[in-house]
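# Chain and residue survey
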Amino acid sequence: MRLLTHNMLSSNIKGVVNGFPLRIEVEKVVEKQVDFNPDFLKNMFSKIEWKPLVDASRAMGYAELPEEAESSMLDSHDFLQRFHHALLELHLEEGALICPETARRFPVNKGIPNLLLHEDEV
Amino acid sequence: MWYLCVFYHRLLDYRKAEVESLAELFGENGDHKGGKLEWKLPLHHHPDSPFHFVDLSSDDIARNIANRSILVKGMYELWGVGSDYEELQESIKTFPEERKSPYLLQGSTFKISVESFGKAISFQEQNERIQGLAYIPFKGQVNLRNPDHKFSLMEAADYGLNNGLPPVAQRTIFFGREVGGADRKLIPTYQLKSRTYLGPTAMDAEMAFLMANQALATPGKLVYDPFVGTGSILVGAAHFGAMTMGADIDIRVVRDGRGPDCNVWSNFKQYGLPPPIALLRADNNLPPWRPGLKEIFDAIICDPPYGVRAGGRKSGGRKLLKGTVAPYTVPDDKRTDHIPSTAAYSLVECVHDLLNLAAKMLVMGGRLVFFYPVLREEDCVFNQFPEHPCFTLISSSEQILSSRYSRVLLTMVKHSSYTKEMAEAAKLKHEEFRENHLKWLEDGNLHSAVFGPTIDPRLTVAGNCNATKDPKPKYRGKYV
């Protein structure tokens, strides 16, 4: 699971109001190379919640993202590289996503987050 | 400018829609997007003819369309047309000299190929026909491998009705310069029989590419498939450079596959394609996207489960939803390995969820491309498709699957953003649609319509003469 995915997901258990961002429990992180595509990154930037991305990348052991970001920074190649690395190349292979409200564990195995709810959660 | 657009003679209903999508992708009509192209048929040709004329603004657009299209064999600048070779010669002679001469220059290389539709032309006859073109002043050298200019002599035969194809009314011979041609290696490379990981409803490569073309997949775009399965649809989008993302409710498919070298990832690796950006296990009925997330996907392409070959599932047990068992809590010590029960997910509900998801998650102008099943009954000409106030249907192309049912590829474009009012309007539309058109799609009706036994009309004729007036069986058993 890449951090782009993490940034899109929330816990949708019935009754949970604020299921975003999911806390990351890390067991194994791998880095997977992805082709650098500045247009895609610029496109995604406006849709990303920045703070959760920074926190998530820290949890995955990458602390190179600035605390705050704005669209003017997209002109910097260095910034784009870091953004690219954090968003697309850090990959949670094994671990879990934890619902911030109920602490429900959504397991991540072989890089696939399992967000299916139990019967008593729908 | 008019170009002769020659199609492969298959998936007839998909041909123009594909060219129109690609024309938009390559910038035809400039900012005036979604504009239909102008089409013309050669004299006395049936609409199903593989020969069409299409109006495009430049050679570049025509070439780009032909190179990427799945159903276009080639785009040609027409130099001459006739019902016999004398007429063709006259026609080529009257074609403006200044349009011909740049391609006939000394020092250039060229190749002429002969193609036929509706009959076979032997190698010797082909040679004779090429030699018959000696009146065209070719000054260049022949090069069959890698010519500068390709010419094509195409003969549509005058054949009867007996071969089952629609007749091309009159013998027509076309001669033209090829502006762009199809990549004929594409489909053999991706064909399903050489794919390592397959599911029962894997989308065939040709259709997956067509869907990717309808969705305008290009580098830098993000394409999502909510029923990803083995990833067969996303492979098409990834081939055209799009970033892909997929979800499925069945964790065995997305996570495990059939082992480390036979899973969704390996299907992309096999062709050297970038793997999906994300695969996740989620329920389309209860999507896990964060509340504020919207307009992130450029296209959503999918083949929803119709309940014919594979049925859809959603969260919540069948008995729970029916109320047969009371809601229960999963004990804490069993939570980790608990397998949540799922219930059948009817196509009606599935399409409703899909339209709403797409309305919310697609960017403005983004495309939703999906298949929708249709029953083929004589007295039930079904042409009512699901609608959503945020979308315009731009094309619907039918593919006949059996004598009982076919599937229609719907392409919709998002034109307004998803608001509360839109959601309300969508709900009303859905209710109305469900009431009026979808009875047959509920609860396995489609399955029984497709697989149920029919009554042989000959038997009814013998037994009861009145039965001929009503040959359609009233009852079909649920199981074969």
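Predicted, not measured: the structure shown is a model, and the values here were computed from it. (Residues numbered from 1 in each chain as written. Chains lettered and ligands numbered in written order. Predicted model: local features only at pLDDT ≥ 70, side-chain atom pairs only at ≥ 80, totals over all residues.)

So, on to the overall build of chain A. Looking only at helices and strands, one finds 4 helices and 4 strands in chain A. Along chain A, helices and strands appear, N-terminal first, in the series α-β-α-α-α-β-β-β. The globule rule puts the C-alpha radius of gyration for 122 residues at 14 Å, and the 15 Å found for chain A is close to it. The buried share of chain A, taken over its 122 residues, is 36%. Counting contacts in chain A only where the partners sit at least 6 residues apart, residues at least 24 apart contribute 73% of the total. (Helix = DSSP H or I, 4+ residues; strand = E, 2+ residues; numbered from the N terminus. Rg over C-alpha atoms; globule rule 2.2 N^0.38 Å. Buried ≥ 20, exposed ≤ 12 C-beta atoms within 10 Å, placed from the backbone. Contact = placed C-beta atoms within 7 Å.)

Before going further, it helps to examine the overall build of chain B. Looking only at helices and strands, chain B has 15 helices and 17 strands in total. The buried share of chain B, reckoned over its 480 residues, is 38%. When contacts within chain B are restricted to residue pairs at least 6 apart in sequence, those whose partners lie at least 24 apart make up 75%.

For the bond running from F20 of chain A to P21 of chain A, omega is -5°, close enough to zero to count as cis. Mapped onto the secondary structure, P21 of chain A falls in the loop between α1 (3–8) and β1 (23–31). The phi dihedral of E295 of chain B is positive, around 45°, even though this residue is not glycine. The residue E295 of chain B is located in the loop between β11 (278–281) and β12 (297–302) in this model.

What follows concerns the nonpolar core. Residue and element names in this part refer to chain B. Membership of the largest hydrophobic core comes to 136 residues, with the highest contact counts inside it found for M211, A215, V223 and I301. In terms of residues, this core owes the most to one element, helix α12 (residues 347–361), which gives 9 residues. Leave out the neighbours within four places in its chain, and M211 touches I233, G236, I301, V369 and L409. (Core = buried A, V, L, I, M, F, W, Y, C linked by C-beta atoms within 7 Å.)

With that out of the way, let us pick up the domain arrangement of chain B. Residues and elements named next belong to chain B. Partitioning chain B into structural domains gives domain 1 (2–184) and domain 2 (188–329 + 337–441). Measuring from the centre of the C-alpha atoms in domain 1 to the corresponding centre in domain 2 gives 36 Å. Counting residues per element, the side of domain 1 that touches domain 2 draws most heavily on helix α1 (residues 15–25), which supplies 6 residues. For the side of domain 1 that touches domain 2, the per-class residue count stands at 6 nonpolar, 3 polar and 4 charged. (Domains from an automatic or database assignment. Nonpolar A, V, L, I, M, F, W, Y, C, P; charged D, E, K, R; others polar.)

The next point concerns the pairing of strand β4 (residues 72–82) of chain B. Residues and elements named next belong to chain B. The buried fraction of β4 is high, at 8 of 11 residues. Bridge count between strand β1 (residues 2–7) and β4: 4 bridges; the pairing is antiparallel. Bridge pairing in β4 places V6 opposite G74. Of the pairings in the sheet, the one linking β4 to strand β8 (residues 172–181) comprises 8 bridges and is antiparallel in character. What sits directly across from L78, in β8, is G176. (Pairing = 2+ DSSP bridges.)

As a further point, take helix α3 (residues 50–59) of chain A. All names here are of chain A. Of the positions making up α3, those classed as buried are L53, V54, A56 and S57. Viewed along the axis of α3, the buried residues span an arc of 165°, placing them on a single side of the element. Buried positions along α3 lie against α1, β1, α4 (77–89) and β2 (90–98). Within two residues after α3, G61 carries a phi angle of roughly 90°, on the positive side. (Arc of directions from axis to C-beta.)

Further remarks concern the packing of α1 of chain B against helix α2 (residues 59–68) of chain B. All names here are of chain B. Interhelical geometry of α1 versus α2 gives an angle of 125° and a closest axis separation of 9 Å. Classified by the angle between their axes, α1 and α2 sit oblique to one another. Along this stretch, α1 crosses α2, giving a crossing that reads as right-handed. Counted together, V19, L22 and A23 of α1 and I61, I65 and R68 of α2 form the full contact between these two elements. Taken together, the residues of the contact of α1 with α2 break down into 5 nonpolar, no polar and 1 charged. (Axes fitted to C-alpha atoms, helices over the stretch in contact; angles between N-to-C directions. Parallel < 35°, antiparallel > 145°, perpendicular 65-115°, else oblique. Left-handed = near helix turned anticlockwise from the far one by under 90°.)

A separate point is the sheet that holds β4 of chain B. All names here are of chain B. The strand order across the open sheet built from 8 strands is β2-β3-β1-β4-β8-β7-β5-β6, with neighbouring strands paired in mixed fashion. Because the sheet does not close on itself, it has two edges, and the strands there are β2 (39–40) and β6 (141–142). Across 5 bridges, β1 lies against strand β3 (residues 51–55) in antiparallel orientation. Within β3, the position partnered with C5 by the bridge is H52.

Quick look at α12 of chain B now. Residues and elements named next belong to chain B. Here α12 contains 15 residues, and its C-alpha end-to-end distance of 20 Å stays within 8% of the 21 Å for a straight helix at 1.5 Å per residue. Counted residue by residue, α12 has 12 buried out of 15 residues, so it is predominantly covered. Listing the buried residues of α12 in full gives L347, C350, V351, H352, D353, L354, L355, L357, A358, A359, K360 and M361. (Expected span 1.5 Å × (residues − 1).)

To continue, consider the packing of helix α7 (residues 205–214) of chain B against helix α8 (residues 232–239) of chain B. All names here are of chain B. Two elements in contact, α7 and α8, have axes separated by 8 Å at closest approach and are oriented at 55°. Judged on the interaxial angle alone, α8 and α7 are oblique. Note that α7 runs across α8; the crossing there is right-handed. Each of A208, F209, M211 and A212 in α7 lies in contact with α8, whose residues at this interface are S232, I233, V235, G236 and A237.

Quite often, the size of an interface is put as the accessible area lost when its parts meet. Counting from both sides, the interface comprises 29 residues of chain A and, opposite them, 33 residues of chain B. Secondary structure elements with two or more residues in the side of chain A that touches chain B: α1, α2 (38–45) and β4 (112–113) of chain A. Partitioned by chemical class, the residues of the side of chain A that touches chain B number 14 nonpolar, 8 polar and 7 charged.

This brings us to the confidence of the model for chain A. Considering every residue of chain A, the mean pLDDT works out to 93; 100% of them sit at 70 or more. By mean pLDDT, the top-scoring element of chain A is α1 of chain A (96), and the lowest-scoring one is α2 of chain A (92). (pLDDT = per-residue confidence, 0-100.)

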